[in-house]
Amino acid sequence: MNKADDFGFGTQIRKSPYFDATVRWGAQGFSVYNHMYIPRDFGDPEQNFWNLVNDAILCDVAVERQVEITGPDAAKFVQMLTPRDLSSMAVGQCKYVLITNAEGGILNDPILLRLAENHFWISLADSDVLLWAQGVAVHSGLDVSICEPDVSPLQLQGPKSGLIMQELFGEEIMDLKYYWLREVDLDGIPLIVSRTGWSSELGYEIYLRDGSRGDALWERIMAAGMEHGLKPGHTSSIRRIEGGMLSYHADADIHTNPYELGLGRLVSLDMEADFIGKAALQRIKDQGPARQQIGLIIDCEPLTGPNTTFWAINMDGETIGKVTSAVYSPRLERNIALAMVATEHANIGAEVEVVTKSGPVRATIVERPFYDPKKKIAAA
């Protein structure tokens, strides 16, 4: 059994407050995300998927760093960063937003939390938005303070997560609505809890506000969840692809715009407020995007794991796009994928060729997401 110190990790990449706990609970492999280690292997990824969809898993996602924006002009500044209209966003609410650059490219697709009138957290996907926000602020003329606070989220996800939350916080936690947050305390540990997560299942994110209490918090949640089948786990590639959820750097990057992803609902070009990328996004909308995200069913033997490179998509001998995220779904008993293709080829039912690591195979363009398209499970 490896101990935490046996991994030989250096100091230039940070460990989360839950690092030692995850190793104790069986973490066997780590990836790097936002300059931090994230556990990505607790054994069989298919078993992790079933643990998630049947019971519950606890995931160390401290790598979801927070960009904290405060000050008299905080609300105005946050609106500058995103094309989504925030004018009706209440204190205590969360919103899925896109952060765009001047060309309309996506820099991040975080969850935005509003803790107070002039207090926001941007809960990040994998890119350096702290530096972007601080840079934007320099010449903005707005009175804001921007920092990375001592905040480290966990994700408690799965159908039993509500029962576990009741064990921890009492029945009143069940009043917490989808995409809302609450400030709570657990055995003196300061937390923010939100009804959000990266799983498309019922779930909660638990934001620790004191990194020294990471070990205690992990053990407290695991103990409360034991009778409900809670297992340590990692965010499931299978479930998030089933749910059509984006993985930044895979399905979207700085060269991807919201319209290519079918996320025009997150762009409010008609609002009075200005935001970075507004003119470019208006132009893209008028012209129509050159590419479009699609779903694919790939007709071959079950994939043994997610793709580790982009796979070319061909039609009539011409490359028309690429597979961005592919995996075998044991529930659907199919190989499913998210892909980006030239708009003129994004036709439901069309057959294409995908060049997998094992060679070319046939695939069919389908609607996505592949499971629970109306998000009834997560929002229940």
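In case you missed it, the structure is sitting above this.
Just so it is clear, the structure is predicted and the values come from calculations on it, not from any experiment. (Residues numbered from 1 in each chain as written. Predicted model: local features only at pLDDT ≥ 70, side-chain atom pairs only at ≥ 80, totals over all residues. Heavy atoms only, no water.)

*Asks:* Can you walk me through the pattern of salt bridges in this structure?
*Replies:* Oppositely charged side chains are able to pair whenever their charged atoms sit close together. Applying the stated criterion across every chain, the model contains 14 salt bridges. Among the salt bridges present, the one from Arg14 reaches Glu148, with a minimum N-O distance of 2.9 Å. Of this pair, Arg14 sits in the segment before α1 (19–24) while Glu148 sits in the loop between β10 (145–147) and β11 (152–157), and the two are 134 residues apart along the sequence. A residue is classified by how much of its surface remains accessible, and Arg14, at 34% relative accessible area, is partly exposed. Of the charged contacts, one joins Glu219 and Arg24 as a salt bridge, the two residues approaching to 2.7 Å between their closest N and O atoms. With Glu219 in helix α6 (residues 214–225) and Arg24 in helix α1, this pair connects stretches of sequence that are 195 residues apart. The partly exposed category is assigned to Glu219, whose relative accessible area is 27%. Assessed through its relative accessible area of 44%, Arg24 is described here as partly exposed. Residues joined by salt bridges that share partners form a network here, namely Glu201, Arg239, Glu242 and Arg331. (Salt bridge = Lys/Arg side-chain N within 4 Å of Asp/Glu carboxyl O. Helix = DSSP H or I, 4+ residues; strand = E, 2+ residues; numbered from the N terminus. Buried < 20%, exposed > 50% of the residue type's maximum accessible area, 1.4 Å probe, protein only.)

*Asks:* Explain the state of the cysteines here, please?
*Replies:* Covalent bonding between the sulfur atoms of two cysteines defines a disulfide. In the structure shown here, the tally under the stated rule is zero disulfides. Of all cysteine sulfurs in the structure, the one in Cys94 sits closest to Cys59, which takes part in no disulfide; the separation is 18 Å. Free cysteine: Cys147, not disulfide-bonded; nearest cysteine sulfur from Cys94 at 18 Å. (Disulfide = S-S within 2.5 Å.)

*Asks:* It is not clear to me how the sheet that holds strand β16 (residues 291–299) should be interpreted in this structure. Could you clarify?
*Replies:* By way of backbone hydrogen bonds, the strands of a sheet pair with one another, either parallel or antiparallel. Reading around the barrel, the six strands line up as β16-β19-β18-β17-β20-β21 and close back on themselves, with antiparallel pairing between neighbours. Pairwise comparison of adjacent strand axes, ignoring direction, gives a mean angle of 40° for this sheet. In the sheet, β16 pairs with strand β21 (residues 359–366) via five bridges, with the strands oriented antiparallel. Its bridge partner being in β21, Asp299 is matched across the sheet by Arg362. (Pairing = 2+ DSSP bridges. Axes fitted to C-alpha atoms, helices over the stretch in contact; angles between N-to-C directions.)

*Asks:* What should I look at first to understand the side chain of His228 in this one?
*Replies:* With respect to the helices, strands and loops of the structure, His228 is situated in the loop between α6 and β15 (230–233). By relative accessible area, His228 is classed as buried at 14%. With near-sequence residues (within four places) excluded, His228 lies in contact with Asp55, Lys160, Leu163, Ile164 and Glu167. (Contact = heavy atoms within 4.5 Å.)

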